[in-house]
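Listed below, chain by chain, are the residues.
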Amino acid sequence: MVIESLLAGADGVFVGACKRGECHYTSGNLHAEGKMEITKRVLRMAGIDPARLRMRMMSSAEGNKFVEFAGEFQKDITELGPLGKPEGIDKNDLEVKLQAAGKALGGRKIRWVTGKIVEFTEKGNLYGEKFTAHEIGRLFDEIAMDEFRLREILERLKGKPHSVKELATKMDTAPKILVRQMADLKKMGFAEIHSVVGNTPMWELSGNGETAYE
């Protein structure tokens, strides 16, 4: 929903939640906090300032705090400027990155990880080992980066075939990293070689590439 708001033209998104220990849905606010954290990380990977997303906790009786928090956010977003402009991302590229971010965040892998945050930090894994905030952050980064890159590749292949070098330039990523991910996409049946120009393979979406990677 955060990404949908940005795609619809919002310059930022403010999320209000209950205080810790006061959520009607028990740990709903903690799950939301984890989702917002990984969303910020994906936005950063997309080149978008994560300050455009802010979450604040307050009780339903603290209307004054809501006004204060919302006012501060409005002021900060106004100073930051229109989405994409201070980040140096043009309109077309911004849409590609946001679409990739939205699909990465909505994918099964990231949804599974965010669904386990409270369990991992409060109860621990099968062996009772609890994850620290640093360990959760590292896990988020590893999974989010891999998922975001795969999604961005698929978004860029929608328009026309690309070489790995072209993708690497547009995505500001080392070609050797994309070579591995192209191999993964080919193995999963989402991308295939369209043609070979000289010695350079040109990649395109496979027949089920647009719909299968959901």
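For the structure, check the block above.
Residues numbered from 1 in each chain as written. Predicted model: local features only at pLDDT ≥ 70, side-chain atom pairs only at ≥ 80, totals over all residues. Heavy atoms only, no water.

Peer 1: Can you break down the overall build of the protein residue by residue, with the values?
Peer 2: Across its full length, the protein carries ten helices and four strands. Starting at the N terminus, the α and β elements of the protein follow one another as α-β-α-β-α-α-α-α-α-α-α-β-β-α. With respect to the principal axes defined by its C-alpha atoms, the protein has extents near 65 × 50 × 25 Å. Going through the 214 residues of the protein one by one, you find that 42% of them count as buried. For the protein, contacts bridging at least 24 residues in sequence account for 63% of all contacts bridging at least 6. Just so you have it, the protein exposes about 12,200 Å², and 53% of that area is on carbon and sulfur atoms. (Helix = DSSP H or I, 4+ residues; strand = E, 2+ residues; numbered from the N terminus. Buried < 20%, exposed > 50% of the residue type's maximum accessible area, 1.4 Å probe, protein only. Contact = heavy atoms within 4.5 Å. Areas by Shrake-Rupley, 256 points an atom, 1.4 Å probe, with all protein chains shown as cover.)

Peer 1: Account for the packing of aromatic side chains, naming residues and giving values.
Peer 2: A complete count under the given rule lists two aromatic pairs for this structure. Here Phe14 and Phe66 contribute two aromatic rings whose centre-to-centre distance is 6.1 Å and whose plane-to-plane angle is 70°, an arrangement assigned as edge-to-face. Highlighted residues: Phe14 in strand S1 (residues 13-17) and Phe66 in helix H3 (residues 63-80), separated in sequence by 52 residues. In this structure Phe14 comes out as partly exposed when scored by relative accessible area, which is 21%. Residue Phe66 is classed as partly exposed on the basis of its relative accessible area, which comes to 43%. A ring pair is formed by Phe14 and Phe73, whose centres lie 5.8 Å apart and whose planes are at 45°; its orientation type is tilted. Highlighted residues: Phe14 in strand S1 and Phe73 in helix H3, separated in sequence by 59 residues. Ring pairs connect the aromatic residues Phe14, Phe66 and Phe73, which therefore count as one cluster. (Phe/Tyr/Trp six-rings, centres within 6.5 Å; stacked < 30°, edge-to-face > 60°.)

Peer 1: Just give me the short version of the layout of surface pockets, but keep the residues and values in it.
Peer 2: Each pocket or cavity is described by its volume, and for the largest pocket that value is around 480 Å³. What lines the largest pocket is a set of 20 residues, and nearest its centre among them are Met1, Val2, Met36, Thr39 and Leu105. Those elements that provide at least two residues to the lining of the largest pocket are helix H1 (2-7), helix H2 (28-45), helix H4 (91-106) and helix H5 (108-115). Counting residues per element, the lining of the largest pocket draws most heavily on H4, at six residues. (1 Å grid on protein atoms, 1.4 Å probe; cavity = no way out; pocket = protein on both sides within 12 Å on 5 of 7 lines; lining within 4 Å. Points joined across faces, edges and corners; volume = space filled by probe spheres on them.)

Peer 1: Help me get a handle on unusual backbone geometry, residues and values and all.
Peer 2: Despite not being glycine, Asp172 has its phi angle at roughly 50°, a positive value. Accessibility expressed as a relative area gives 74% for Asp172, which makes it exposed.

Peer 1: Got a sec to walk through the pairing of S1? Specific residues and values, please.
Peer 2: Side chains Val13, Val15 and Ala17 project from S1 onto a buried face, and the interleaved Phe14 and Gly16 project onto a face without burial. Sheet topology places S1 next to strand S2 (residues 53-57); five bridges connect them, and they run parallel. Bridge assignment links Phe14 to a residue of S2, and that residue is Arg54. With H2 bridging S1 and the parallel S2, this β-α-β connection has right-handed handedness. (Pairing = 2+ DSSP bridges. Right-handed = clockwise from strand over helix to strand, strands pointing away.)

Peer 1: Give a detailed account of the packing of H4 against H5, specifying residues and quantitative values.
Peer 2: Following both chains from N to C, one finds H4 and H5 inclined at 55°, their axes separated by 5 Å at the closest point. It follows from the interaxial angle that H4 and H5 lie oblique. Side by side, H4 and H5 meet where Ala104, Leu105 and Gly106 of the first sit next to Arg108, Ile110 and Arg111 of the second. For the contact of H4 with H5, the per-class residue count stands at three nonpolar, one polar and two charged. (Axes fitted to C-alpha atoms, helices over the stretch in contact; angles between N-to-C directions. Parallel < 35°, antiparallel > 145°, perpendicular 65-115°, else oblique. Nonpolar A, V, L, I, M, F, W, Y, C, P; charged D, E, K, R; others polar.)

Peer 1: Describe H4, and please don't skip the residues or the numbers.
Peer 2: Here H4 spans 22 Å end to end across 16 residues, near enough to the 22 Å set by a 1.5 Å rise per residue. Along H4, the residues that are buried comprise Asp93, Leu94, Val96, Lys97, Leu98, Ala100, Ala101, Ala104 and Leu105. At its buried positions, H4 is contacted by H1, H2, H5 and helix H7 (133-159). Near the N-terminus of H4, the side chain that reaches the backbone nitrogen of Asn92, with its oxygen 3.2 Å away, is that of Asp90. (Expected span 1.5 Å × (residues − 1). Polar contact = N/O pair within 3.5 Å; in protein donor to acceptor, adjacent residues only side chain to side chain.)

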